Amino acid sequence: MSMSTLEHRTAFAAVRPQMDRFPLDTVCEAAKILTGASDPIAAMPSVLNVLSSFMGLRMGALALLDDKGRSGGDGKPVNPFIIAATTHGSTCAPPETRALPIRATRQVFRTGVALVSRNVVEELGEAAIPPGAPHNRFALTSVPIREQVHSPYVIGVLGAWRDLDEGGMRFLEEDQRVLTMVAAILEQSIKFRRLVARDRERLMEEARQALHAANETAADNCTLRGEPIKGIIGDSPAIKAVTAQIRKVARTNTPVLLRGESGTGKELFAKAVHALSDRRDKPFVKVNCAALSQTLLESELFGHEKGSFTGALAQKKGRFELADTGTLFLDEIGEIGPEFQAKLLRILQEGEFERVGGAKTLKVDVRLVTATNRDLEAAVARGDFRADLYFRICVVPIVLPPLRERAEDVPTLAQTFLDRFNAQNGMEKRLTPQAMAQLARCQFPGNVRELENCISRVAALSSGSEIDERELACMQGTCLSAELWRMQSGDRSPIGGLATVRTPLPVIDSGAGQRPPVPPLPPGFGEPPPAAFAPPAAAETAEADADERARLIDAMERAGWVQAKAARLLGLTPRQIGYALKKHGVEVRKF
Ligand SMILES: Nc1ncnc2c1ncn2[C@@H]1O[C@H](COP(=O)(O)OP(=O)(O)OP(=O)(O)O)[C@@H](O)[C@H]1O
């Protein structure tokens, strides 16, 4: 039927509602509406309006079973339903709105048999007449809507009213036939929609699974390829191999031991293990074992009870407790003494500990990441480090390569540090290609930290916006670490050397995993121009010496006379700073 015919008949029906009825057109229109709708229930108000216009059926309504309480248990009514649609639109009204009489509707739900009430007031009572009806002389036809054709399970009831004042009694049989047909179309539409929805759900599930599989593959590929980790700079094969290991191990709870020279990024990688793990939203707690005395370390890690020692003014939670459900990073684990090793072993074995001075046993769930630049195997062999603790913490050893073994990363790192300096200081300094090339030739015994310091220093001291290679400390003979490197490598130091014997740096070969330290590499700083390292005049030497001593003392002061900390400030290894202190006769203050 065209739209104009529809409008005409609607108008006609409005003028002579009961005289002309168009049952076939009604069914046809209903079919068109329902089969074309993406949601047949939402389209039901239009169908009810067609019933009104074409058949003179008034106040039609659709009741649908309310999923929430089919059983009727818990005092809930049997077959609870809602009014899902009326001629006024889609709703979700409770039965109490009385668009359809509650008792009659429930009966259709229960029996699955159509109900025709020829005189509603007589048969169902006055209260069954819907509110707002112009009078109470109505007949009601209600038909079931089944889950699927022939199913005993009724999911809805379609009902409509016939005005008996207009001689409607004779149309009741026809009303039932038409409503039954419309209900059948609705059943088919719902079924079809359900199939489509199920298909859609299945397709979506397949798509989800495919996406999941693709992500897993991507993650695995990413793991295998050593994809970059946020904050970790470097594209060299050596750094990629490490990032691949980190990504893999981060997913587990296995203890990780990060090994590498000072400044290779052990702390940075420890944070990456945490950030890539499921514990990422939990605390990451760091303790530097070298920075604290054994007694302090114990109270710091395990906490203490009030009054457990002089100065314990209040109860304090230890870092193990603070790191509960998260990650605890124990830096410089090779520095801990035998007593503390035993206590640490207990917590690693049993997950239990007591606060210092406390009797209560506490349990924590902590993922342990440790780091050292020590040769732990040698320490175990000497009996300085417990073998059982070694095996507990060294489940997955990851060796961070020294910067000199990945010189290709130097330019990117240098540029990143310079960008950071520029951003912090509102400047736009640039390194000339010659300066970059000179940096790339450097051995950086203090690794990335030394490069970072080197860039900050030269950027702060250079006057123009271009940083030339002549401004680099190594080219001016003022690079402390260059001198230490030369001393340790047995070269004659221009500032008078302490080292006459070649003393090995605590180098760990990234490829070798747990091999003992190897002898140092050739003297640092690649091939500096001869002028830079030509023996200077005596006056210059004395001046440089005094300078160097002053810088050492300054760093020690700032580090509270903790050598490991001062070493970090200067971009040196703890052993290097030990030499420097001895060389300059600086007595280490003890607190
Ligand atoms: N691959 C890297 N990318 C970016 N920055 C790095 C990288 N490696 C190290 N760094 C930076 O170098 C500095 C030293 O790193 P970190 O403190 O992690 O070294 P470390 O091995 O723990 O040193 P130490 O043994 O002396 O404690 C930090 O500022 C760190 O951010």
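Identification of the protein chain as Nif-specific regulatory protein from Rhodovulum euryhalinum is taken from an unreviewed UniProt entry. Its UniProt record, at the heading Subunit (unreviewed entry), says of the protein chain: "Interacts with sigma-54."

K.L.:
Explanation requested: the site of the ligand in the structure shown.
P.N.:
Lining the immediate surroundings of the ligand are 17 residues, of which Ile233, Ser262, Lys266, Arg449 and Glu452 lie closest. Contacts to the ligand include glutamate 267, whose backbone N or O atom sits 3.0 Å from an oxygen atom. One of the side-chain nitrogen or oxygen atoms of aspartate 331 is found 3.4 Å away from an oxygen atom of the ligand. Here the ligand, which alone exposes 620 Å², has 90% of that area covered by the protein. Structurally, the ligand is housed in the second largest pocket. Residue assignment for the shell around the ligand shows that the elements contributing at least two residues are helix H8 (266-275) and helix H16 (447-461). Across the shell around the ligand, the residue classes tally to five nonpolar, five polar and seven charged.

K.L.:
Would you mind going over unusual backbone geometry with me for this structure?
P.N.:
Most peptide bonds take the trans form, and the phi angle of most residues other than glycine is negative. Positive phi outside glycine occurs at threonine 325, with the angle close to 70 degrees. Note on threonine 325: relative accessible area 32%, which makes it partly exposed. In this model, glutamate 332 sits at a positive phi of 55 degrees, which is unusual for a non-glycine residue. With respect to the helices and strands, glutamate 332 occurs in the loop between strand S11 (327-331) and helix H11 (338-350). Residue glutamate 332 is classed as buried on the basis of its relative accessible area of 7%.

K.L.:
Would you mind showing me how to read the layout of surface pockets here?
P.N.:
Empty space among the atoms can be located by rolling a probe the size of a water molecule over them. Counted as a void, the second largest pocket has a volume near 560 Å³. Around the second largest pocket, the lining comprises 30 residues; the ones closest to its centre are Gly263, Gly265, Lys266, Leu268 and Arg449. Secondary structure elements with two or more residues in the lining of the second largest pocket: H8, strand S14 (367-372), helix H14 (410-425), H16 and helix H20 (563-570). Ranked by residues supplied to the lining of the second largest pocket, first place goes to H8 with five residues. Residues that form the lining of the second largest pocket fall into these classes: 12 nonpolar, seven polar and 11 charged. Both domain 2 (237-258 + 273-389) and domain 3 (403-583) contribute no fewer than three residues apiece to the lining of the second largest pocket.

K.L.:
Would you mind showing me how to read the environment of phenylalanine 340 here?
P.N.:
Of note, phenylalanine 340 is situated in helix H11. Between the C-alpha atoms of phenylalanine 340 and leucine 297, which are 43 residues apart in sequence, the distance is 8.3 Å. Beyond its immediate chain neighbours, meaning those up to four positions away, phenylalanine 340 contacts Gln294, Leu297, Glu298, Leu301 and Phe302.

K.L.:
Is there a simple way to think about the sheet that holds S11 in this case?
P.N.:
Working definition: the strands of a sheet are paired by backbone hydrogen bonds and lie parallel or antiparallel to each other. Across the sheet, five strands lie side by side as S8-S11-S14-S7-S15; this open sheet has parallel pairing. A strand with exactly one partner marks an edge of an open sheet, and here the two such strands are strand S8 (284-288) and strand S15 (396-399). Here the average twist between neighbouring strands, direction ignored, is 20 degrees. The pairing of strand S7 (residues 256-259) with S15 spans four bridges and is classified as parallel. Opposite leucine 257, over in S15, you have proline 397 as the bridge partner.

K.L.:
Help me understand the packing of aromatic side chains, please; the structure alone is not making it clear to me.
P.N.:
Where two aromatic rings form a pair, the distance of their centres and the angle of their planes describe that pair. Taken as a whole and assessed by the stated rule, the structure comprises nine aromatic pairs. Pairing phenylalanine 320 with phenylalanine 353 gives two aromatic rings, centres 6.0 Å apart and planes at 40 degrees, and the pair type is tilted. Pair noted here: phenylalanine 320 is in helix H10 (residues 319-322) and phenylalanine 353 is in strand S12 (residues 352-354), with a separation of 33 residues, a long-range link. Comparing phenylalanine 320 with phenylalanine 353 shows no difference in burial state: the two are buried. Pairwise contacts between aromatic rings join Phe302, Phe320, Phe340 and Phe353 into one cluster.

K.L.:
For this particular structure, what's the right way to read the pairing of strand S1 (residues 58-65)?
P.N.:
Remember that side chains alternate between the two faces of the sheet whenever the strand is regular. Most of S1 sits out of view: six of its eight residues are buried. Bridge analysis of S1 against strand S6 (residues 154-163) gives five bridges, and the strand direction is antiparallel. Among the inter-strand pairings, leucine 62 is bridged to a residue of S6, identified as leucine 158. Bridge analysis of S1 against strand S2 (residues 81-86) gives five bridges, and the strand direction is antiparallel. Counted as the bridge partner of leucine 62 is alanine 85 from S2.

What counts, and at which threshold
- Residues numbered from 1 in each chain as written.
- Predicted model: local features only at pLDDT ≥ 70, side-chain atom pairs only at ≥ 80, totals over all residues.
- Heavy atoms only, no water.
- UniProt positions renumbered as here; feature names shortened; annotations may be inferred.
- Near = heavy atom within 4 Å.
- Polar contact = N/O pair within 3.5 Å; in protein donor to acceptor, adjacent residues only side chain to side chain.
- Areas by Shrake-Rupley, 256 points an atom, 1.4 Å probe, with all protein chains shown as cover.
- 1 Å grid on protein atoms, 1.4 Å probe; cavity = no way out; pocket = protein on both sides within 12 Å on 5 of 7 lines; lining within 4 Å.
- Sits in = over half its atoms within 2 Å of the grid points.
- Helix = DSSP H or I, 4+ residues; strand = E, 2+ residues; numbered from the N terminus.
- Nonpolar A, V, L, I, M, F, W, Y, C, P; charged D, E, K, R; others polar.
- Buried < 20%, exposed > 50% of the residue type's maximum accessible area, 1.4 Å probe, protein only.
- Points joined across faces, edges and corners; volume = space filled by probe spheres on them.
- Domains from an automatic or database assignment.
- Contact = heavy atoms within 4.5 Å.
- Pairing = 2+ DSSP bridges.
- Axes fitted to C-alpha atoms, helices over the stretch in contact; angles between N-to-C directions.
- Phe/Tyr/Trp six-rings, centres within 6.5 Å; stacked < 30°, edge-to-face > 60°.

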